[in-house]
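Structural description and commentary
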Amino acid sequence: MLRKLFDCFWNRFVHRPNTIANNVKVWSNWDWSRHGEEWSNDAEWKQSLVDHVLRHYLTGRETLLEIGPGGGRWTEYLAPLARKLVVVDVTPVCIELCKERFSNYSHISYVVNDGSDLSALGDIRFDGIWSWDVFVHIAAADIRTYVNQFARLLNPGGVVVIHHSSGGVNRIGWRSDMTAAMMQEFCHECGLVLERQFTSWADGRFRVWPDLPPELNPDTISVLRKPAGHAGG
Ligand SMILES: C[S@@+](CC[C@H](N)C(=O)[O-])C[C@H]1O[C@@H](n2cnc3c(N)ncnc32)[C@H](O)[C@@H]1O
């Protein structure tokens, strides 16, 4: 009861809104010297996520898009999979960091956007889209704008793997108002199929938040797919 009252108070009066401007402020001032590895629980956890989620869904997909690469924690694994990789981030510092870190790759393109618009990508069509630890901080209204554009930007059969908050605003990890149910709605609106939502992988051996009891886990991973017969794009 006390906890509920506290959460309610915190969410209403203390939570810094997950606006685009607040995201730019937070991530522009972040210390990126560890490339975001401070968010990897440990090496085994990270490798399991790469093998069982990232590579599982994105291997064999030629054209990939990553939203919010930060210091390139996942870009490192996406780059060797793709023939073409586009990374988009709202924070210029992050794009500069990735440009420098991955300067040996000639098939990566870099875009700074306004936090929801992907029109700079023009006519490119993607076979896969990845985003981790990004949509957890983005307000649902902006996520809706992104998801609508994914429907246009994906090739038929293309897949999106997004980690986002599942239960609305949460003081754990500056989570936005996004929910698991909203993702279903957003997909429905634009003709994408919400194929799967999950919080653990490798037969339950690894979880998004290994150090929290499952009932307090604030996130989910959604897998969206553009059906082969989709009219758009
Ligand atoms: C917590 S960091 C995660 C970075 C990286 N994905 C990782 O897992 O290490 C959040 C990243 O998302 C980016 N970001 C936040 N809001 C965004 C938005 N609306 N559109 C694009 N990128 C955004 C930030 O600039 C930052 O690079």
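The model shown is predicted, which means the values in this text are computed figures rather than measured ones.

1. Structural notes on the UniProt feature "domain: Methyltransferase" (unreviewed entry) in the chain
- Taking the numbering used here, the UniProt-annotated feature "domain: Methyltransferase" (unreviewed entry) corresponds to residues 65-158.
- A distance of 11 Å separates the end C-alpha atoms of residues 65-158, which is 30% helix and 27% strand.

2. A closer look at the pairing of strand β5 (residues 154-165)
- The buried fraction of β5 amounts to nine of the 12 residues, a majority that puts the element mostly inside the structure.
- Bridge count between strand β4 (residues 126-131) and β5: five bridges; the pairing is parallel. Across the sheet, residue Gly128 finds its bridge partner in β5, namely Val159.
- Note that the unit made of β4, helix α6 (residues 140-153) and β5 has a crossover that is right-handed.
- Here β5 runs beside strand β9 (residues 219-225); their pairing, made up of seven bridges, is antiparallel. For His164, the partnering residue across the bridge sits in β9 and is Thr220.

3. Focus: the side chain of Ser176
- Structurally, Ser176 is set in the loop between β5 and α7 (180-190).
- Among all residues touching Ser176, those that are not within four sequence positions of it are Asn18, Phe135, Val136, His137, Ile138, Ala139, Ala140, Ser165, Gly168 and Val169.

4. Regarding the pattern of salt bridges
- Per the counting criterion, the structure on display carries 10 salt bridges.
- Its salt-bridge partner being Glu37, residue Lys46 comes within 2.7 Å of it at the nearest N-O pair.
- Looking at Lys46, the relative accessible area reads 8%, which means it is buried.
- A salt bridge links Glu189 to Arg144, with the shortest nitrogen-to-oxygen separation between them at 2.9 Å.

5. What to know about helix α3 (residues 43-58)
- The largest bend along α3 reaches roughly 35° and is located at Val50.
- If you check which residues of α3 are buried, you get Trp45, Lys46, Ser48, Leu49, Val50, Val53, Leu54, Tyr57 and Leu58.
- You can read the cap of α3 off the contacts: a side-chain oxygen lies 3.1 Å from the backbone nitrogen of Glu44, and it is on Asp42.
- A positive phi of about 85° marks Gly60, the residue just after α3.

6. Structural notes on the pairing of β4
- Among the six residues that make up β4, six are buried, leaving the element largely enclosed by the rest of the structure.
- Bridge count for strand β1 (residues 63-67) against β4 is three bridges, and the pairing is parallel. Residue pairing in the sheet places Leu65 in a bridge with Ile129 of β4.

7. Side note on the sheet that holds β9
- Sheet architecture is open: seven strands sit in the order β3-β2-β1-β4-β5-β9-β6, paired in mixed fashion. The open sheet has two edge strands with one neighbour each: β3 (108-112) and β6 (193-198). Taken over all neighbouring pairs, the strand axes of this sheet differ in orientation by 15° on average, direction set aside.
- As paired strands, β1 and strand β2 (residues 84-89) are joined by five bridges and run parallel to one another. Residue pairing for β2: Thr63 is matched across the bridge by Lys84.
- Against the sheet, α3 engages β1, β4, β5, β6 and β9, with an angle of about 160° to β4.
- Its contacts with the sheet put helix α5 (residues 92-101) on β2 and β3, and the angle it makes with β3 is roughly 165°.

8. Concerning unusual backbone geometry
- Of note, the phi angle at His35 is positive, near 55°, even though the residue is not glycine.
- Positionally, His35 belongs in the loop between α2 (20-28) and α3.
- The exposure class assigned to His35 is partly exposed, which follows from its relative accessible area of 28%.
- Positive phi, close to 50°, is recorded for Trp174, a residue that is not glycine.
- Tracing the chain through its elements places Trp174 in the loop between β5 and α7.

9. Here's the deal with the site of the ligand
- As a matter of local geometry, the ligand sits amid 21 residues, with Gly68, Asp89, Thr91, Trp132 and Tyr146 nearest to it.
- Taking Val90, its main chain carries an N or O atom lying 3.4 Å from a nitrogen atom of the ligand.
- Interatomic distance of 2.6 Å between a side-chain N/O atom of Tyr146 and a nitrogen atom of the ligand.
- Burial of the ligand by the protein chains amounts to 100% of its free accessible area of 590 Å².
- Among the residues making up the shell around the ligand, the classes are represented as 12 nonpolar, six polar and three charged.

What counts, and at which threshold
Along each chain, residues carry numbers from 1 onward, in the same order as the chain's sequence is written. With the structure being a predicted model, the display of local features is reserved for residues of pLDDT at least 70 and the display and counting of side-chain atom pairs for 80 or more, all residues being used for whole-chain, interface and lining totals. Only hydrogens and water are set aside when side-chain values are computed; all heavy atoms of the structure are taken into account. UniProt positions are given in the numbering used here, feature names are shortened, and annotations may be inferred rather than shown by experiment. For helices the rule is a DSSP run of H or I covering at least 4 residues; for strands it is a run of E covering at least 2, with both sets numbered from the N terminus onward. Any residue under 20% of the maximum accessible area for its type is buried, any over 50% is exposed, and the rest in between are partly exposed; the area is computed with a 1.4 Å probe on protein chains only. Paired strands are those between which DSSP finds at least two bridges. The handedness rule is simple: strands pointing away from the viewer, and a clockwise path from the first strand over the helix to the second, make the crossover right-handed. Any two residues whose heavy atoms approach within 4.5 Å at even a single point are treated as in contact. The term salt bridge refers to a pairing of a side-chain nitrogen on Lys or Arg with a carboxyl oxygen on Asp or Glu at a separation within 4 Å. The quantity called bend is, for any residue, the angle between two axes fitted respectively to the seven residues ending at it and the seven beginning at it. Definition of a polar contact: a pair of N or O atoms within 3.5 Å, with one able to donate and the other able to accept a hydrogen when the atoms are protein atoms, and with sequence-neighbouring residues admitted only if both atoms are side-chain atoms. For helices, the axis comes from a line fit to the C-alpha atoms of the stretch in contact; other axes are also lines fit to C-alpha atoms, and the angle between any two N-to-C directions lies between 0 and 180 degrees. Note on definitions. A residue lies near a molecule or strand when any single heavy atom of the residue is within 4 Å of it. Where accessible areas are quoted, they stem from the Shrake-Rupley method and a 1.4 Å probe; at the residue level, only the protein chains shown are allowed to cover. Residues are sorted three ways: Asp, Glu, Lys and Arg are charged, Ala, Val, Leu, Ile, Met, Phe, Trp, Tyr, Cys and Pro are nonpolar, and all the rest, Gly among them, are polar.

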